[in-house]
Amino acid sequence: MKSGNVYKSKKVVHWCPTCETALAEAEIEYADEKSDSIYVKFEKTDEPGTFVIIWTTTPWTLPANMAIAVHPDFEYVKIRVKDENWILAEGLVESLLKKLEISEYEVLEKFKGKSMEGVNTNHPFINRKSPVVLADYVTLDTGTGCVHTAPGHGQDDYFTGLKYKLDVYSPVDHQGKYTAEFPQMEGTFVFKANKPIIDMLDESGNLLMAEKYAHSYPHCWRCKKPIIFRATEQWFISVDENNLRGKVLDEIERVRWVPDWGKNRINAMVKDRPDWCISRQRSWGIPIPSFTCKECGKSVLTEETMNHITGIVRENGSNAWFEREAKDLLPENFSCPHCGGKEFEKEEDILDVWIDSGASFEGVLNSRDNLGFPADVYLEGSDQHRGWFNSSIFLSVAKHGMAPFKTVITHGFIRDGKGLKMSKSLGNVIHPLEVSEKYGSDILRIWAASSDYRNDINVSMNIIIQQTETYKKIRNTIRFLLGNLNDFNREENTVDLENLNRIDRWALSKLAKLSNSVTLDYENYEFYKAIQKISKYIVTDLSAVYLDVVKDRLYVEGPDSLARRSTQTILHKILDTLLKLLAPVITFTAEEIYQLLPENERNFATVQAEGWPQFTEKSINEEIESEFDFLLETKEKVNLSLEKIRNEGNIGHSLDSKVILKANREEAKILEKYEDMLSDLFIVSQVIIDRCDNDTLSVEVEHASGKKCERCWKYHDDTGKDTEYPDTCPRCSSVMREYYK
């Protein structure tokens, strides 16, 4: 208001006759509607028998017709049809005559639309002239290229009316009924007036044709009823005064929009939005603190009056406006700045609720010492680019010169499993509590986090149930980790990076990359990618490879052996990392896991207070990962060979076998580097590396030599030679002797 952006004016606004209030753009929904479509003749005043043909889908607005708009650059024609001359756009002649089932006509003249400017026609049923005006919004999509213009009932019509100084005439009241200004139908609801007006046109001979026309029509988002356009006195915020629109567009560029298309969407909304209608005709809400001078009839809204009322409201609440007389709300001895009058009436309109929600940054962030401004994130649905996001950025730029948010996240909406909108009448609503009670809250959270919220999301019980498998894999993996860390003390048993086994170095490298990648996904608000990566990591890198391979050393090696402690070091790191990466999603399970950790590893009462996983560059080892790519490819070949010999009945368990790898020099070089762990990797008893000149590695499998150890199930040539532990292999007997004697 202080900068001059607030003003009161008679303008065409969206008006809901059911709710009896003006509406903003953000309060409009569009729905398919069948309207009465009519072609009407407007006779030229200086040429009887010659008519300009207009088309409209709102017959009820014809009483407010003040002009006919044509496009300055379109070709128009005058045609002879029977004993009349008709004027319309050349490109629409054929479609109109086809509808009228007229095949014979004669083109008398052809001319540009601009040559018609100023031509006068007679209103078809009111004693009034309707001049021809020019407008570039006229199209050749439908109709006649000659547009019925009622400045009191259309946005484009209103601005054309201002340009040509036409009367902004709107003989319709707040209930959508004609006033005494149109006495023929005073008290008739406008939508019920279509038929009588069509009959009136037919009787006067000015109706060419009437038909039903299906199109998208604006509806009120509250009552879901069709709205009208109506010229009334309303309060507005000018979006162009002081370059407010330009400043908002600049701020949009500085904000991070998730997903990216959000920026284009709000840009379009801001570029195209008209001045903001901020007054509403309701009996509840935040009042507009304006007064009307009884002497001159002008509105009074000044810095002095607003500051005075602000003090009253701060002390007594906004109800003070409704409870007190005007004189008790104004400063003492206040005079009208326009005429000096002393008597005032209170404004009855309230503020648009988008002012309330749009100003939330002021009521929340700038009213609390422990919060900062601007907000890190605003989060809402994809319909808010014209709503909350829009109102917020305009108000914040007006007040603070900057956007109220650093990041804006837009989400889609929930639909059922078939993609239909959920509704009680269809019975396809899924209640979150029902899911939680049946499967647990974390299943619901995994489903939500796994979904790409940027689009509409389908959900059904079957879709939810699918997430139970993901959850089970996570839970079972964590349980395995906890079980195998039962005797591990982080401070005493952790193995330094340099002393880790190579497979443990590989596992650490994969974990570090996972953590870094998932962290980036979280930072980009792409939660579904994070969950997908964690789930894939657990299934492929952990369950299918690492945990399967290290079971032998976990169960067979000595409890305090370097090999076992090396693996436990990594298992502990995996547990700690997965716990923290998953804590934002499966919050209850993460808390359960956290409480099972040793007390000295719990730094806080909740895992949610723990720091985020951190990995140094040393954790990642590209050389080992590259070598493991080859080893895992080799493992796939070994598995195929094992399956073949198992099907032939030569072995049972894979530990019954010996694998011979025939490898060339480069391949053998890698294999020999990992020779001590190949049997564990392939889950066999023995591995022989045979250097040869093969182009590619080949695999041979035969039954393992020696006897089966009853402790580790691996075959060894020296199994049974230890008299103290006769059923064990040398490794197991050594462990038994050292740790269990």
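Scroll up for the structure.
The residue numbers shown here count from 1 along each chain, following its written sequence. Totals for whole chains, interfaces and linings use all residues, but because this is a predicted model, local features are given only for residues with pLDDT of at least 70 and pairs of side-chain atoms are given and counted only at 80 or more. Just so you know, side-chain values use all the structure's heavy atoms and leave hydrogens and water out.

Draft legend 1. Expanded view of the overall build of the protein. What counts as a helix is a DSSP run of H or I of at least four residues, what counts as a strand is a run of E of at least two, and both are numbered from the N terminus. The helix and strand inventory of the protein stands at 22 helices and 29 strands. Taking the principal axes of its C-alpha atoms as reference, the protein extends roughly 125 × 80 × 45 Å. Using a 1.4 Å probe on the protein chains alone, a residue whose accessible area is under 20% of its type maximum counts as buried, one over 50% counts as exposed, and one in between counts as partly exposed. Within the protein, buried positions represent 50% of all 741 residues. Residue contacts follow a heavy-atom distance rule, with two residues in contact if any of their heavy atoms lie within 4.5 Å. In the protein, the share of contacts with a sequence separation of at least 24, taken over all contacts with a separation of at least 6, comes to 72%. What sets the accessible areas is the Shrake-Rupley method with a 1.4 Å probe; for residues, cover comes only from the shown protein chains. Carbon together with sulfur atoms contributes 48% to the accessible area of the protein, which is approximately 36,500 Å² in total. Put simply, the protein has 93 plus and 118 minus side-chain charges, and the middle of one group is 1 Å from the middle of the other. Asp and Glu are treated as the negative residues and Lys and Arg as the positive ones, with His and the ends of the chain left uncounted. Charge positions come from single atoms, namely NZ of Lys, CZ of Arg, CG of Asp or CD of Glu.

Draft legend 2. Structural view of the sheet that holds strand 14 (residues 256–258). DSSP calls a pair of strands paired once it identifies at least 2 bridges connecting them. An order of 14-22-21 is seen for the 3 strands of this open sheet, with the pairing classed as parallel. Looking at which strands have only one partner, the edges of the open sheet turn out to be strand 14 and strand 21 (375–381). Along the sheet, successive strands turn relative to each other by an average axial angle of 15°, direction set aside. Sheet analysis places strand 14 next to strand 22 (residues 405–411), joined by 3 bridges and oriented parallel. By the bridge assignment, Val258 is partnered in strand 22 with Ile409. Only the stretch in contact is used when fitting a helix axis, every axis being a line fitted to C-alpha atoms; angles between N-to-C directions are given from 0 to 180 degrees.

Draft legend 3. Spotlight on the pattern of salt bridges. Take a side-chain nitrogen of Lys or Arg and a carboxyl oxygen of Asp or Glu: if they are within 4 Å of each other, that pair is a salt bridge. Counting across every chain of the model gives 51 salt bridges. Salt-bridge contacts for Arg280 lead to Asp352; the nearest nitrogen and oxygen are separated by 3.4 Å. With Arg280 in strand 16 (residues 279–280) and Asp352 in the loop between strand 20 (350–351) and helix 8 (353–358), this pair connects stretches of sequence that are 72 residues apart. Given a relative accessible area of 3%, Arg280 falls into the buried group. Residue Lys399 pairs with Glu362 through a salt bridge whose shortest N-O separation is 2.9 Å.

Draft legend 4. Here's a closer look at the nonpolar core. Remark: nonpolar core denotes a set of buried residues (Ala, Val, Leu, Ile, Met, Phe, Trp, Tyr, Cys) joined through side-chain atoms within 4.5 Å. Ranked by internal contacts, the top residues of the largest apolar core, which has 85 residues, are Tyr546, Ile574, Leu578, Leu661, Leu671 and Leu678. Ranked by residue count, the leading element in this core is helix 16 (residues 527–556), at 12 residues. Non-local contacts of Leu661, meaning those with residues more than four positions away in its chain, are made with Thr634, Val638, Leu671, Leu678, Phe682, Val687, Ile688, Ile689, Asp690, Leu697, Ser698 and Val699.

Draft legend 5. Just the environment of Arg256, in detail. Relative to the helices and strands, Arg256 is located in strand 14. With residues up to four places along the chain from it excluded, the contact list for Arg256 reads Lys406, Thr407, Val408, Glu523, Asn524 and Tyr525. Side chain to side chain, Arg256 and Asn524 meet in a polar contact 2.8 Å long. In protein, a polar contact means a hydrogen-donor-capable atom and an acceptor-capable atom, both N or O and within 3.5 Å, with residues adjacent in sequence counting only if both atoms are side-chain atoms; elsewhere, any N or O pair within 3.5 Å suffices.

Draft legend 6. Here's a closer look at helix 10 (residues 388–400). For helix 10, with 13 residues, the first-to-last C-alpha span of 17 Å sits near the 18 Å given by 1.5 Å per residue. Counted residue by residue, helix 10 has 10 buried out of 13 residues, so it is predominantly covered. All of the buried residues along helix 10 are Trp388, Phe389, Asn390, Ser391, Ser392, Ile393, Phe394, Leu395, Ser396 and Val397. A positive phi of about 75° marks Gly401, the residue just after helix 10. The length a helix should cover is 1.5 Å for every residue beyond the first.

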